[in-house]
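What follows is each chain in one-letter form.
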Amino acid sequence: MKYLDSVRLRILSVLFVAIFAHASFGQETGASLVGIVRDSAGAMVPGATVSATDVGTNARTTQQANGKGEYSLLNLAPGTYSLHIEASGFRGYDQTGIRLELNQHATQDVSLALGQVSQTISVNADVSGLDTVTSVISDEVNGQSLRDLPLNARNPFALLELIPGFSGSVGDDYNSNSFSLSGGRQGYHDTIVDGTPAGFPTVNGNAGIGVFPSIDAIGEFHVFEQNYPAEYGRSLDGIINVVFKSGANQFHGSLFEFIRNSALDSNSYFSNLNKVPLPLFHRNQYGGELSGPIYKNKTFFMVSTELLRANQENEGYSTVPTALQRTGDFSQTLAPNGQPIQIYNPFTTTCIVAGQNPCTSGYTRSLFAGGKINIPLNAVALKAISYYPLPNVPGAGATNNYFANGGEPTQTTAWDVRVDHTISERQKVFARYSNRFYESYPEALWPAADAVAEGLIDGQDFSRGVTIGYTAFPKANMIYDARIGFARTLYNYLNNSLGFQDSTLGLPSNIDAATSTPLFPVLSPAGYTGLGNNGNRHNAFMTYSLVSSLTWVHGPHSVKVGFDGRLIRVNDHESADSAGNFSFGTNFTQLPNIANSTSGNGLATFLLGIGTGDVIQEYKDDASQSYYLAGYGQDDWRVNPKLTLNLGLRYDIDTPRTDRFNRMNYFNPTIASPLASYVPGLQGGWSLSV
């Protein structure tokens, strides 16, 4: 196995000019409020006491303004706040209605009037939405706005489609979110939920998502597109940052149900004119959310659940063998020119000039008279062809001659729970668990007796996500934050033919013994709907994470240093061609090396048992892991009241994947070949080392 060390050094050095900019920093799950306290003459008021209180939980953050009258309230949970400022010799100042969003760096300068502290000036106003602290290019939607948007299927990641620079698609399962932001490479973003990674690399390295929060459970949804701080990494694209909302001192709850049903819809004019019925479509999406206190001012909870039950019509045409074709009679099978197709006997291939050796004149074959195969048909092909349904479209001939429709049900069951606890004014903890099950199981369009060969796949996603966080304030100007996280999706790609034995078709029984995943073999006659599906998978994708940081505000500097560590595992068991994958072209029933549309037929080739293909015994069966380790430092330095520098340094180590059990499959040229019994002395084969 060849290893490639991947070491990435990223230096973020961004200059941002703004009026009255102040030092702050980028918090993964919080916001900041900064400002300057002045008197009525514009002079700085040092030592003023500044307090911000979360209206929902009564959690209070307090700081003394420095010698220049500056204050920085950091790590504030998104929500609505009241601000209180007091200083000796000045009237108190109260401001309500301050709304702070995720990753917002709000500024609120205050002018104090002379008077007694007991006298108070009250203001009801929000802070400015202008970020005067960082140069990050981002988009944000708060939870209430999110719930007011008409999102189809209530997928929160569909919000990304509203962002300028978005390209790609968003889906409902772990591997269906393939998009880029601001020109990045698709599938290489990073998703953060409650401060820890909620995604993982899939088998091919693209970013999967393991946590799909309910719309009603989201507190904030934030996307970093460019120039994000040094604390964020492992992304060649943007950063998606989602925070679940917390409970508060008041109980809040909601119930919802959204219904779409074709029984309530009207058909189109032209469908009615042509007597085409309205396609089936049912969707019921329902659930609820409840939050409130366990112990007032101390411990809070939030629980949510969401269920989706949908069924949409799936219809289609197939090209299946006619009754005559199943007997080897192609006299009624027409070529594009309207004439009967010509079928040649591949077993009569001979040199045009008899006895010529080497044959330089070319080769020829005998024509089956009248398009009827008059030699014995292959027994395996005859058995396999019986799994095709008979044509049911009158007058369709040999193409698109079978039509069927049926449902394509999907279901999702998800629930989340979060608990927040305030140990003291200087210590807080929280924990959140998310669970989601998604399943799709299309109904068979072929008769039940033939469905095993239709190639249907049932898909299942079992997703789990856990985050535990601890925040401490050792000093008024210092914050320590640590979080551990786990995100996992188990993906089953279940072939409906699992357990089918090749010997049922008359193939050699040693194929049954050799395959690790017995399936209906893939049989693909050119020009006809194929039989079987070669896939069956059982994958698990996991990310274990530890994220910690220390923030220190000192004078004009807000310094943050931290660590981002992840253990990434992928368990991958996949089959491909385990029961055989065989193709049957038109070339074997045409004249040699003369391709045209008036001769040759893939089904005729199939009935004669001549094709190409393979059998793969062990395709993928590995348990890989890799490590991602990163350290960073950032200094948001207020050079003067009109200039702030955002300086950052990040060092990333992303190790290559290795098998957890040190297994390696490789070609060994020194061992005996599996074909040695047929070719004496032949060497070379695959070895497995453990």
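You'll find the structure just up there.
Residues numbered from 1 in each chain as written. Predicted model: local features only at pLDDT ≥ 70, side-chain atom pairs only at ≥ 80, totals over all residues. Heavy atoms only, no water.

**Student:** Please clarify how the overall build of the chain should be interpreted in this entry.
**Tutor:** When you go through the chain residue by residue, the secondary structure sums to five helices and 38 strands. The principal-axis extents of the C-alpha atoms in the chain amount to approximately 115 × 70 × 45 Å. The buried share among the 690 residues of the chain stands at 50%. For the chain, the proportion of contacts with a sequence separation of at least 24, taken over those separated by at least 6, is 70%. When the accessible surface of the chain is totalled, it reaches about 31400 Å², and 56% of it is carbon and sulfur. (Helix = DSSP H or I, 4+ residues; strand = E, 2+ residues; numbered from the N terminus. Buried < 20%, exposed > 50% of the residue type's maximum accessible area, 1.4 Å probe, protein only. Contact = heavy atoms within 4.5 Å. Areas by Shrake-Rupley, 256 points an atom, 1.4 Å probe, with all protein chains shown as cover.)

**Student:** Which parts of the structure should I look at to understand empty space enclosed by the protein?
**Tutor:** Empty space left among the atoms is revealed by rolling a probe the size of a water molecule over them. Across all of its chains, the model carries seven cavities of 30 Å³ or more by this definition. Lining the largest cavity we find 15 residues, and of these Ala 153, Arg 154, Glu 306, Thr 412 and Arg 436 sit closest to its centre. For the lining of the largest cavity, the elements supplying multiple residues, two or more each, are strand 22 (299-318) and strand 25 (402-424). Per element, the largest residue contribution to the lining of the largest cavity is three residues, and it comes from strand 22. A class-by-class count of the residues in the lining of the largest cavity yields seven nonpolar, four polar and four charged. (1 Å grid on protein atoms, 1.4 Å probe; cavity = no way out; pocket = protein on both sides within 12 Å on 5 of 7 lines; lining within 4 Å. Points joined across faces, edges and corners; volume = space filled by probe spheres on them. Nonpolar A, V, L, I, M, F, W, Y, C, P; charged D, E, K, R; others polar.)

**Student:** Can you walk me through the sheet that holds strand 29 (residues 522-525) in this structure?
**Tutor:** Pairing between sheet strands relies on hydrogen bonds along the backbone, with the strands arranged either parallel or antiparallel. In space, the three strands of this open sheet follow the order 29-32-33, with mixed pairing throughout. At either margin of the open sheet sits one strand with a lone partner, and together these are strand 29 and strand 33 (612-614). Here the strands of the sheet are splayed against their neighbours by 10° on average, with no regard to which way each runs. Across three bridges, strand 32 (residues 581-584) lies against strand 33 in antiparallel orientation. Paired with Ser 583 across the two strands is Thr 612, which belongs to strand 33. (Pairing = 2+ DSSP bridges. Axes fitted to C-alpha atoms, helices over the stretch in contact; angles between N-to-C directions.)

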